[in-house]
Amino acid sequence: MVLTEKSRKWFVGTLLLGTFTMSISQSSLSTAYPTFMRYFNLPASTIAWLTTGFMLIMSVVMPLSPWLMDNFRFKPLYLTLLINFVVGTLIVIFAPNFLIMMVGRLMEGFSVGVLFPSYQSIILEITPQDKRGTVMGTVGLVMGSALAVGPIVSGVILQVMSWQAIFGFFLVVLSAVFLLALKTVVSPLKLKTTHFDFISVFMSLGIIGLLYFINEISHMTVTNYVNWGILIVSVILLYLFVRRQLKMPMPLLRLDILKIGNFDLGVALTSLSYMSLITITIVMPLYYQQALGLSPFWSGMALVPAAAFLSWLNRRSGRLADRIGFKPVIAIGFGLFIIGWGGLLLLSGLRNIWVGIICTMIVEAGNAFAMMPATTLGANSLTNDLIPHGSSIIATFRQIMGSTAIVLATVILGNGNFNAVFATFLVMEIAALGLAFMIKDTTAQRSAYATQR
């Protein structure tokens, strides 16, 4: 299907608005944990499952995205995901207890998990390569800004309304997106009917076990045999999943594209960028509260300048990538990461809020220059038919590494050791800069790989 420039913009805009709203739900509840603890009379470790469970279901359904896009027209699929999210949100709002609320959250997580790789694939496929930098810069605005904006939105809403109003916000916006999608969203891809491999889906459940273990590391002991057992079973399932995908003629997920070195570097750089972004949005509110004595509301508001700066930079970094190439832009991004984390390490002792705000802005600016350009450059190494598989792999790795970053930062932080966290991520991004110099700003591998299968 050929789209006019105007219809393509409306199509992409509707996708981004829906995805932005769903993305906010991933990070928005951290500010509301104390409220939920009082409302349900439950400890923080239980309430945290509202976010943990959401991320687990997201991760396990991401590998299903390529199969769904091959076998279902995109418009009905997108509308169904919106309806599923809205129904899940209604369940959350009217939940009589925490267990029912979790059911609603898992439904929301399912929609986001399918949509994240799907919308990136669609946008990459309908956008000419010479314009992908600019368009994917807007995609980066959605992913990065939503993660940063989530705690701010919920913090502001909780100042004047109940926690149900947070989900009411999602409900109103996504209902409007649904009506808009009826007019603007199309199905631009040809269907390719393929067999649904239940065995591969079962094996992919190892992702849930792995993420569960990662999230439990910070408060488990060596003698916690159940968690170690979950890890062993999960690793076995994932090994079998990988082996099955590599041997099947029509796999659920084309893991063989990991043989493309440039794509692998794109996956690694995207993950390392996301790790810094998600860590800064979690650690800095704690830093403002514990080290500077700010209230939860003002610690959330202190993230506003960085979120606004990230949003402003994303499209501009994309345009810059289209003009000078993706590799230099990615290198700029990781250079900014190093400056931001280094500034926090060297200047945090000043206990000055403006130091924290400025350094946070620099770190999030690094994400604007690094994450989506790395994603786009990795995707440019693939033929169009492989992009859905590539997007799914990138999204899954990013989710796993994001969870790992949270646990790593939490364990290192301990009772307020912020400098150790800053130093760890500084070293990590220095190593990432080395990888950025290795990635190739080329699409030459596409035609060579296309002839291999």
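Residues numbered from 1 in each chain as written. Predicted model: local features only at pLDDT ≥ 70, side-chain atom pairs only at ≥ 80, totals over all residues. Heavy atoms only, no water.

The protein is annotated in an unreviewed UniProt entry as Transporter, major facilitator family protein from Lentilactobacillus parafarraginis DSM 18390 = JCM 14109.

1. Side note on the overall build of the protein
When helices and strands are tallied, the protein shows 20 helices and zero strands. For 453 residues, the compact-globule estimate of 2.2 N^0.38 gives 22 Å, and the protein sits close to it at 21 Å. Expressed along its principal axes, the backbone C-alpha trace of the protein runs to roughly 60 × 50 × 50 Å. Within the protein, the fraction of its 453 residues that count as buried is 57%. Sequence separation of 24 or more characterises 84% of the internal contacts of the protein that already satisfy a separation of 6 or more. By element, 70% of the accessible surface of the protein is carried by carbon and sulfur atoms, the whole surface being about 18100 Å². (Helix = DSSP H or I, 4+ residues; strand = E, 2+ residues; numbered from the N terminus. Rg over C-alpha atoms; globule rule 2.2 N^0.38 Å. Buried < 20%, exposed > 50% of the residue type's maximum accessible area, 1.4 Å probe, protein only. Contact = heavy atoms within 4.5 Å. Areas by Shrake-Rupley, 256 points an atom, 1.4 Å probe, with all protein chains shown as cover.)

2. Some points on the packing of aromatic side chains
Evaluation of the coordinates by the stated rule reveals 23 aromatic pairs. Taking 5.3 Å as the distance between ring centres and 65° as the angle between the ring planes, the aromatic pair formed by Phe-36 and Trp-163 counts as edge-to-face. With Phe-36 in helix H2 (residues 33-40) and Trp-163 in the loop between helix H8 (132-160) and helix H9 (164-184), the pair connects residues that are 127 residues apart, well separated along the chain. Their ring planes at 40° and their centres at 6.1 Å tell us that Trp-341 and Phe-422 sit as a pair that is tilted. With Trp-341 in helix H16 (residues 326-347) and Phe-422 in helix H19 (residues 418-438), this residue pair connects regions lying 81 residues apart in the sequence. (Phe/Tyr/Trp six-rings, centres within 6.5 Å; stacked < 30°, edge-to-face > 60°.)

3. Description of the side chain of Ser-23
Its place among the elements puts Ser-23 in helix H1 (residues 5-27). What Ser-23 contacts, discounting residues up to four positions off in sequence, is Phe-116, Val-142 and Ala-146.

4. A word on the domain arrangement of the protein
We note that the domain assignment places domain 1 (1-192), domain 2 (194-250) and domain 3 (253-444) within the protein. Taking the mean C-alpha position of each, domain 1 and domain 2 sit 25 Å from one another. With 12 residues of domain 1 in contact, the opposing surface of domain 2 contributes 12 residues. Across the domain 1 to domain 2 interface the summed buried area is about 1000 Å²; carbon plus sulfur atoms make up 75%. At the surface where domain 1 touches domain 2, the tally comes to zero salt bridges. (Domains from an automatic or database assignment. Buried area = accessible area lost by both parts, 1.4 Å probe. Salt bridge = Lys/Arg side-chain N within 4 Å of Asp/Glu carboxyl O.)

5. Overview of the nonpolar core
Grouped together as the largest cluster of nonpolar side chains are 136 residues, with contacts concentrated most on Phe-36, Phe-167 and Phe-334. The dominant element in this core, judged by the number of residues it contributes, is helix H13 (residues 261-290), at 14 residues. Apart from residues no more than four positions distant in its own chain, Phe-36 is found in contact with Leu-29, Asn-41, Ile-47, Leu-50, Met-101, Trp-163 and Phe-167. Counting residues in each nonpolar core, the second largest holds seven residues, with Leu-56, Leu-211, Ile-214 and Val-407 among its members. (Core = buried A, V, L, I, M, F, W, Y, C linked by side-chain atoms within 4.5 Å.)

6. Considering the confidence of the model for the protein
For any part of a model where pLDDT is low, the fine detail of the predicted coordinates should not be relied upon. Of the residues in the protein, 94% have a pLDDT of 70 or more, and the chain-wide mean is 84. Here helix H20 (residues 444-450) is the element of the protein with the lowest mean pLDDT, 40, and H16 is the one with the highest, 94. Within the model, pLDDT remains below 50 along residues 443-453, and this stretch shows 23 contacts once partners closer than five positions in the same chain are excluded. (pLDDT = per-residue confidence, 0-100.)

7. Side note on the environment of Gly-229
Residue placement: Gly-229 occurs in helix H12 (residues 225-247). A relative accessible area of 28% places Gly-229 in the partly exposed class. In this structure the C-alpha to C-alpha distance between Gly-229 and Gly-209, which are 20 residues apart in sequence, comes to 9.7 Å.

8. Concerning unusual backbone geometry
In this structure, Asn-41 is a non-glycine residue whose phi angle is positive, near 55°. Judged by relative accessible area, Asn-41 falls into the exposed class, the value being 67%. In this model, Arg-351 sits at a positive phi of 55°, which is unusual for a non-glycine residue.

9. Concerning a nonpolar patch on the surface
Side chains of Leu-346, Leu-347 and Leu-350 sit close together on the surface and give an oily, nonpolar patch of about 330 Å² of accessible area. By secondary structure assignment, the location of Leu-347 is in helix H16. (Patch = residues over 30% accessible without salt bridge, like charges linked within 9 Å, V, L, I, M, F, W, Y side chains within 5 Å.)

10. Describing the packing of helix H6 (residues 74-93) against H9
With their axes 9 Å apart at the nearest point, H6 and H9 run at an angle of 160° to one another. Comparing the axis directions of H6 and H9 gives the class roughly antiparallel. The hand of the H6/H9 crossing is left-handed. In this structure, H6 contributes Lys-75, Tyr-78, Leu-79, Leu-82, Ile-83, Phe-85, Val-86, Thr-89, Leu-90, Val-92 and Ile-93 to the contact, and H9 contributes Gln-164, Phe-167, Gly-168, Phe-170, Leu-171, Leu-174, Val-177, Phe-178, Ala-181 and Leu-182. Tallied by class, residues from the contact of H6 with H9 come to 17 nonpolar, three polar and one charged. (Axes fitted to C-alpha atoms, helices over the stretch in contact; angles between N-to-C directions. Parallel < 35°, antiparallel > 145°, perpendicular 65-115°, else oblique. Left-handed = near helix turned anticlockwise from the far one by under 90°. Nonpolar A, V, L, I, M, F, W, Y, C, P; charged D, E, K, R; others polar.)

11. Digging into the pattern of salt bridges
Note that side chains of opposite charge can pair when their charged atoms are close. Taken as a whole and assessed by the stated rule, the structure comprises four salt bridges. We note a salt bridge from Asp-70 to Lys-192, for which the minimum N-O separation is 3.9 Å. Of the two residues, Asp-70 sits in helix H5 (residues 65-71) while Lys-192 sits in the loop between H9 and helix H10 (198-203), which places them 122 residues apart along the sequence. Judged by its relative accessible area of 13%, Asp-70 falls in the buried class. One salt bridge in this structure joins Asp-197 and Arg-244, with 2.8 Å as the shortest N-O distance. Of this pair, Asp-197 sits in the loop between H9 and H10 while Arg-244 sits in helix H12, and the two are 47 residues apart along the sequence. For Asp-197, a relative accessible area of 5% corresponds to the buried category.

12. Description of helix H11 (residues 206-216)
For an α-helix, 3.6 residues make a turn, and residues three or four places apart therefore share a direction. Taken across its 11 residues, H11 has eight buried, putting it largely inside the fold. Taken as a whole, H11 has its buried residues at Gly-206, Ile-207, Gly-209, Leu-211, Phe-213, Ile-214, Asn-215 and Glu-216. Residues of H11 that are buried make contact with helix H4 (49-61), H10, H12 and helix H18 (387-413).

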